[in-house]
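Structural overview
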Amino acid sequence: MEQETPSRVEELFLKRSRYDFFYPPVEKIKAVIVDNFPLLGKLTALRFLEWVQANPGGVISLPTGKTPEHFIKWTEYFLNNWNKKEVQKELEENSIGLKPVPDMKSLSFVQIDEFYPILPKQQNSFYYYINKYYISGFGLDKKKALLIDTSRTGVPEHYDIELLFPDFRVDLSLRCRYPKTHLEVLQKEAILAVDQYCTEYEQKIRDIGGIGFFLGGIGPDGHIGFNISGSDFFSTTRLTPVNYETAAAAAGDLGGIEISRNRLVITIGLSTITFKKEAVAIIIAAGEAKAGIVARAIQNGQNIKYPATVLQKLTRARFFLTEGAASRLTERNYFKLKNKEQITEQDIRFNLINYCLEQEKSIGSAGEAELRKDRFTQEILARTGKDAGQIKDLVESGMRTGLNKGAQPLKDTVILHTSPHHDDEMLGYLPYITRLVRESTNKHYFAYMTSGFTAVTNRYMLSLLENLKYFLDLNIFKPLIDKGYFDPANAKARNEDIYHFLEGLAAENEYIKNEAKAFRLFRILIEVLEETEIDGLMNRINEMISYFQTQYPGKKDLEYIQSIKGMVREFEAELLWGYFGFETSSVKHLRLGFYTGDIFTKQPEMEEDILPVLDLLKQVKPDVVTVALDPEGSGPDTHYKVLQSISEALKLYEKETGRNNIRIWGYRNVWYRFHPADANLYIPASLNSLSILNHAFLNCFGSQKDASFPSYEYDGPFSFLAQKIYVEQYRMIKTLLGEGTFYNNPHPMIRASRGLVFLKELSLEEFYQHSMELKKLTELVK
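Bear in mind that the values here come from a model prediction, so they are computed numbers and not experimental data. Note that residues are indexed from 1 along each chain, following the sequence as it is written. In keeping with the predicted nature of the model, local features appear solely for residues at pLDDT of at least 70, side-chain atom pairs appear and are counted solely at 80 or more, and the whole-chain, interface and lining totals rest on all residues. Values reported for side chains reflect all heavy atoms of the structure, with hydrogen atoms and water molecules removed beforehand.

Let us now look at the overall build of the protein. Comment: elements are numbered from the N terminus, with helices defined as DSSP H or I runs of at least four residues and strands as E runs of at least two. Counting secondary structure elements, the protein contains 30 helices and 17 strands. Judged by the C-alpha coordinates and their principal axes, the protein covers about 80 × 75 × 60 Å. The criterion used for residue contact is that any of the two residues' heavy atoms lie within 4.5 Å. The contacts in the protein between residues at least 6 apart in sequence include a share of 79% that link residues at least 24 apart. Looking at the protein as shown, the accessible area adds up to about 31,900 Å², and 49% of this sits on carbon and sulfur atoms. Taking the 95 positively charged and 102 negatively charged side chains of the protein as two groups, their mean positions are separated by 4 Å. All accessible-area figures derive from a Shrake-Rupley calculation using a 1.4 Å probe, and residue coverage is judged against the displayed protein chains alone. We treat Lys and Arg as the positive residues and Asp and Glu as the negative residues; His and chain ends play no part in the count. For the purpose of locating charges, the reference atoms are NZ of Lys, CZ of Arg, CG of Asp and CD of Glu.

This part takes up helix α16 (residues 388-407). Spanning 20 residues, α16 covers 29 Å between terminal C-alpha atoms, matching the ideal 28 Å at 1.5 Å per step. Three labels apply to residues, based on accessible area from a 1.4 Å probe with only protein chains included: buried if under 20% of the type maximum, exposed if over 50%, partly exposed otherwise in between. Turning to α16, its buried residues are A388, I391, K392, V395, E396, M399, G402, L403, G406 and A407. Angularly, the buried residues of α16 cover 140° about the axis, an arc narrow enough to put them on a single face. Turned more than 90 degrees from where α16 packs its buried face, D393 and T401 sit exposed. Taking the backbone nitrogen of G389 as reference, a side-chain oxygen 3.1 Å away marks D387 as the first, capping residue of α16. Here the expected length of a helix is defined as 1.5 Å per residue gap, with one fewer gap than residues. Working note: the arc is built from the helix axis to C-beta atom directions. Pairing of N or O atoms within 3.5 Å defines a polar contact, subject to two protein rules: one partner must be a possible hydrogen donor and the other a possible acceptor, and residues neighboring in sequence count only if both atoms are side-chain atoms.

As a rule of thumb, nonpolar side chains are buried together in soluble globular proteins. We call a set of buried residues a nonpolar core when its members are Ala, Val, Leu, Ile, Met, Phe, Trp, Tyr or Cys and they connect through side-chain atoms within 4.5 Å of each other. Within the largest apolar cluster, 65 residues are counted, with the highest numbers of intra-cluster contacts made by M399, V625, I646, L650, I733 and F767. Take this core: its biggest share by element is 7 residues, from helix α25 (residues 637-657). Residue contacts for I733: discarding those within four places in its chain leaves M399, P676, Y682, G738, F742, L756 and F758. The next biggest cluster of nonpolar side chains, apart from the first, holds 58 residues, and it includes A190, I224, L270 and I298.

At a minimum axis distance of 9 Å, the contact between helix α17 (residues 424-436) and helix α26 (residues 687-700) shows a crossing angle of 125°. By the angle class used here, α17 and α26 are oblique. Read as a crossing pair, α17 and α26 show a hand that is right-handed. Side by side, α17 and α26 meet where M426, L427, L430, P431 and T434 of the first sit next to S689, I692, L693, A696 and F697 of the second. Asp, Glu, Lys and Arg are counted as charged, while Ala, Val, Leu, Ile, Met, Phe, Trp, Tyr, Cys and Pro are counted as nonpolar; the rest, among them Gly, fall into the polar class. Each residue belonging to the contact of α17 with α26 can be placed in one class, and the counts come to 8 nonpolar, 2 polar and no charged. Lines fitted to the C-alpha atoms define the axes, with helices restricted to the stretch that makes contact. Angles between their N-to-C directions range from 0 to 180 degrees. These descriptions rest on fixed angle ranges, namely under 35 degrees for roughly parallel, over 145 for roughly antiparallel, 65 to 115 for roughly perpendicular, and the rest for oblique. Left-handed describes a crossing in which the near helix is turned anticlockwise from the far one by less than a right angle; the clockwise case is right-handed.

Here a pair means two rings of Phe, Tyr or Trp (six-membered ring of Trp) with centres within 6.5 Å. Their orientation is stacked below 30 degrees between planes, edge-to-face above 60, and tilted elsewhere. Summed over the entire model, instances satisfying the criterion amount to 40 aromatic pairs. An angle of 75° between the planes, with centres 6.0 Å apart, marks the rings of Y116 and F165 as edge-to-face. Of this pair, Y116 sits in strand β4 (residues 113-116) while F165 sits in the loop between α6 (161-164) and α7 (182-207); the two residues are 49 residues apart in sequence, bridging distant segments of the chain. By relative accessible area, Y116 is classed as buried at 0%. The exposure class assigned to F165 is buried, which follows from its relative accessible area of 1%. Between the aromatic rings of Y129 and Y133, the centroid separation amounts to 4.7 Å while the plane-to-plane angle is 55°, which identifies the pairing as tilted. A residue pair is termed a helical-turn pair when its members lie 3 or 4 positions apart in one helix, as Y129 and Y133 do in helix α5 (residues 126-136) at 4 residues. Y133 carries the same exposure label as Y129, and that label is buried.

What follows concerns the pairing of strand β12 (residues 443-448). When DSSP finds at least two bridges between two strands, those strands are taken to pair. Bridging between strand β11 (residues 414-419) and β12 involves 6 bridges; their strand directions are parallel. Counted as the bridge partner of I415 is H444 from β12. For the handedness criterion, the β-α-β arrangement of β11, α17 and β12 is classed as right-handed. Of the strand pairs in this sheet, β12 and strand β13 (residues 587-589) are connected by 3 bridges, and their pairing is parallel. In the strand pairing of β13, F446 is matched with V587. Place the viewer so that the strands point away; then a crossover is right-handed whenever the path from the first strand over the helix to the second strand goes clockwise.

Quick look at a nonpolar patch on the surface now. Nonpolar side chains (Val, Leu, Ile, Met, Phe, Trp, Tyr) within 5 Å and like charges within 9 Å form the patches, drawn only from residues with over 30% relative accessible area and no salt bridge. One speaks of a salt bridge when a side-chain nitrogen belonging to Lys or Arg is within 4 Å of a carboxyl oxygen belonging to Asp or Glu. Together, Y470, L474 and Y511 line one region of the surface with nonpolar side chains, adding up to about 300 Å² of accessible area. Along the polypeptide, L474 turns up in the loop between α18 (458-472) and α19 (477-482). The exposure class of L474 is partly exposed, given its relative accessible area of 37%.

Before going further, it helps to examine helix α24 (residues 606-620). Between its first and last C-alpha, α24 extends 20 Å over 15 residues, near the 21 Å set by a 1.5 Å rise per residue. Taken residue by residue, α24 has D609, I610, V613, L614, L616, L617 and V620 as its buried positions. Projection of α24 onto a plane perpendicular to its axis shows the buried side chains occupying an angular sector of 160°, all on one side. Considering only its buried residues, α24 is in contact with β11, β12, β13, β14 (624-628) and α25.

Next comes the structure, spelled out in structure tokens:
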């Protein structure tokens with residue numbers, strides 16, 4: 001295929017990077033790599049504006065979601081400040097000619113996709129997003145926009161779409177079967193009307209010449225638009241279901257997987273995107289979590305398994321990537337290794353481990369000759385001057401040290417376990433905590449940095465409120481109110497809520513557990529609503545039931561509802577640690593201010609986010625602090641912002657106290673995992689500890705039991721996925737060190753291991769350095 005040369009903007013960013021535009025024959029699509037997420041947005045904005053300057057009146061199609069955050073911010077910045085001297089200078093330095101501001105109103109806009117059914121006024125509709133961030137934000141002409149609004153398409157005059165499709169469920173089998181009821185007759189007519197709408201939408205796109213500038217993200221299964229894995233390369237605009245991976249990714253937008261897995265989508269097709277042969281088509285991706293699917297999309301030939309490979313049909317198709325998203329591109333990794341000034345021990349570990357895992361052999365069995373045949377390990381041997389035995393000893397001894405250290409007891413240690421969300425630390429390393437809490441000389445504190453309200457669905461809140469109403473009707477609350485049981489300051493009674501639930505759990509008595517949940521919700525409502533009279537609270541309960549029944553899932557909640565949902569999550573965390581014998585005084589709820597539930601959230605601030613962590617450090621005086629340590633662009637954005645808040649607070653704490661010997665235990669969980677070379681503590685997890693993990697999660701975290709916001713990797717509760725990860729990590733270390741390391745080990749804990757927890761232990765200085773490097777990859781730090 002003919003490969004078009006880069007544009008002026010692309011050429012400039014290629015020169016700033018270390019890489020070529022293209023590495024054939026392994027790579028099938030061109031790529032530009034930048035250092036961090038904000039720069040990815042800047043590159044994309046500049047390339048977009050460059051195209052608009054050259055193509056006034058062109059047709060554009062832009063994405064929704066969190067991925068284009070920095071693209072939107074940079075584009076708005078340039079457009080709103082175009083004529084300022086400093087901006088003109090920046091544009092010129094980035095190969096944008098000093099022309100008048102681009103004529104955005106001359107452009108036609110094509111919406112890529114939308115959920116179906118959905119009302120366009122809903123804040124979680126893509127129609128709403130596009131109007132807010134593109135039509136209004138970029139100053140486009142709405143009259144020239146092809147937007148997807150099917151809320152009245154095929155809907156009878158006296159119906160609305162919610163009445164036509166109860167619970168927003170659409171049965172596509174009606175396309176090809178006879179309807180059985182009058183409602184099904186109407187539904188079939190609506191479905192066929194939407195199919196006709198899609199055909200006409202496709203024709204409208206082609207009538208204006210097709211999409212000239214397409215910008216998209218890439219989903220976990222490789223989807224672009226809602227063209228999921230397996231989509232026909234000749235597909236056009238259509239109404240279609242989605243697969244599990246895509247439904248899981250959309251669960252946050254729609255208020256839970258139970259909704260998103262039953263919601264259909266309208267999407268332009270793969271042939272819609274590639275219709276205009278001279279089109280510019282750009283896929284943007286940030287973070288190591290996207291690295292696997294990016295590599296498969298770039299390094300495979302055209303295959304419907306990887307929808308983005310259809311872009312190989314376009315000579316002007318590109319991937320714009322951060323270093324993290326490009327981290328599995330083979331040729332670029334080799335180029336990077338060859339051009340490193342110095343080979344580090346981490347390079348040795350990473351490349352030798354990769355080779356052995358690919359070959360499914362132990363480190364000890366890898367021979368000199370075979371290591372010299374592999375170009376990565378050959379480069380390591382040549383550059384370090386070491387022989388195979390030396391690098392094998394280095395890597396293997398380090399891993400054995402990490403495994404043995406992970407099995408050693410810990411005493412007289414104060415550990416501050418921090419968690420962005422209320423189940424992060426348990427999913428990351430609960431088997432280790434299970435061991436550590438058995439030593440009475442250790443002190444543990446569990447700090448939750450956000451309120452976590454977004455993880456509580458309206459459906460779950462309805463179930464809690466109905467449960468509370470049931471117990472209120474039994475007239476058991478009045479005597480408890482009279483003796484101050486529900487006073488927010490009554491710490492003893494707060495603990496009794498926990499004990500009551502756990503006693504019900506032990507007795508397998510649902511009545512007792514539900515009564516305990518009712519007590520705690522009643523306590524929460526008194527605190528948040530500042531109402532103590534049962535009649536008044538009953539009125540408010542009925543109001544909330546109506547609220548949760550009428551609010552569309554995924555809509556941002558009122559502030560007091562956010563508080564109630566957050567305190568429900570806090571109760572679940574207190575149940576977890578009550579399970580291990582800790583009172584609520586050991587569980588700290590910081591509710592940091594950056595956590596707002598908005599699609600684009602603010603960065604941590606000193607007063608709201610850093611000083612509360614500093615105050616906690618002064619109170620606890622920890623020897624060890626645990627931190628969620630996800631890489632750039634991987635895992636929830638909240639994890640990154642919590643890490644930065646903790647890092648800044650620790651710097652202040654060290655400065656005030658002089659304590660520089662605090663250890664950091666970095667953990668990861670279901671959102672991303674450590675490469676074996678990145679971890680230095682391997683914690684044995686027995687079948688017993690895995691059983692505790694699942695039992696505790698399923699019984700303490702009621703809001704998460706149904707996995708409403710699951711990982712795309714596993715259709716089920718997070719604890720089951722965490723167990724699968726531990727088992728896979730055990731399999732890797734068993735392969736690398738040999739099965740005898742476990743089966744014949746003199747330590748019974750290691751012999752009993754059937755899973756492994758990976759941690760990364762850091763000194764304070766190492767942690768500060770890591771957080772700064774991560775900040776440079778995530779924010780625009782000069």
